[in-house]
Amino acid sequence: MSAVAGSYKFSTFKIGNTDLTQGKLQVMNCNIYESCVDHHTYADVTVFDPDDSLSQQMFAGDEKIEIGIEVPGGQSANFKFAMMQNTDVRHQGALKAKTYRFHLCSPELLKGQ
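Before going into details, it helps to say that this report is about the structure given with it.

With that out of the way, let us pick up the overall build of the chain. On a plain count of helices and strands, the chain comes out with one helix and seven strands. Order of helices (α) and strands (β) in the chain, N terminus to C terminus: β-β-β-β-β-β-β-α. Counting only residues that meet the buried cut, the chain has 33% of its 113 residues in that class. As displayed, the chain offers around 7,200 Å² of accessible surface, 48% of which is attributable to carbon and sulfur atoms.

Pasting the structure below:
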């Protein structure tokens, strides 16, 4: 069985102790790729937070991130990342809603391995 574009789901998406698969948080965009220059894995993730619950977390920037992706009828892929940067925090209208963009990298990159 082949997968259709968009027919995947996040089985795990944790930043530190915060599980983004629970509650109202929505992953709007997730790009996972490997650099051909330094051979490390990177991810850029955009998250929509409708009730501003992530601002209560006070991310320090040293959180560990776990991402698990499932494809119907196929295998799952699991990734471990480290937080590299949190950018593009944007307020969405007059609501408490915000979007966050997280830049992640493989933990080995930050350890110089």
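Structure's up, so let's keep going.
Buried together is how nonpolar side chains tend to be arranged in soluble globular proteins. Ranked by internal contacts, the top residues of the largest apolar core, which has 18 residues, are Phe 13, Ile 67, Phe 102 and Leu 104. Those elements giving two or more residues to this core turn out to be β1 (9-15), β4 (41-49), β5 (64-70), β6 (76-91) and β7 (98-105). With residues up to four places along the chain from it excluded, the contact list for Phe 13 reads Thr 18, Asp 19, Leu 20, Thr 21, Val 27, Cys 30, Val 45, Glu 66 and Ile 67.

Despite not being glycine, His 39 has its phi angle at roughly 60 degrees, a positive value. Tracing the chain through its elements places His 39 in the loop between β3 (26-34) and β4.

Any aromatic ring pair is given by two values, namely how distant the centres are and how the planes are angled relative to each other. Enumeration over the complete set of coordinates arrives at four aromatic pairs. Considering the side-chain rings of Phe 10 and Phe 13, the 5.3 Å spacing of their centres and the 75 degrees angle between planes classify their relative orientation as edge-to-face. Taken individually, Phe 10 and Phe 13 each receive the classification buried, so the pair is uniform in this respect. Consider the rings of Phe 79 and Phe 81, whose centres lie 5.9 Å apart with planes at 20 degrees: the pair is stacked. On the basis of relative accessibility, which here comes to 25%, the residue Phe 79 falls in the partly exposed class.

All told, the structure shown has two salt bridges when counted by the stated rule. The partner of Lys 9 in a salt bridge is Glu 70, and the shortest N-O contact between them spans 3.9 Å. Placement of the pair is Lys 9 in strand β1 and Glu 70 in strand β5, with a sequence separation of 61 residues. Residue Asp 44 is joined to Arg 101 by a salt bridge in which the shortest nitrogen-to-oxygen separation is 3.8 Å. Of the two residues, Asp 44 is situated in strand β4 and Arg 101 in strand β7; the sequence distance between them amounts to 57 residues. Judged by its relative accessible area of 14%, Asp 44 is buried.

Cut-offs applied
- Residues numbered from 1 in each chain as written.
- Predicted model: local features only at pLDDT ≥ 70, side-chain atom pairs only at ≥ 80, totals over all residues.
- Heavy atoms only, no water.
- Helix = DSSP H or I, 4+ residues; strand = E, 2+ residues; numbered from the N terminus.
- Buried < 20%, exposed > 50% of the residue type's maximum accessible area, 1.4 Å probe, protein only.
- Areas by Shrake-Rupley, 256 points an atom, 1.4 Å probe, with all protein chains shown as cover.
- Core = buried A, V, L, I, M, F, W, Y, C linked by side-chain atoms within 4.5 Å.
- Contact = heavy atoms within 4.5 Å.
- Phe/Tyr/Trp six-rings, centres within 6.5 Å; stacked < 30°, edge-to-face > 60°.
- Salt bridge = Lys/Arg side-chain N within 4 Å of Asp/Glu carboxyl O.

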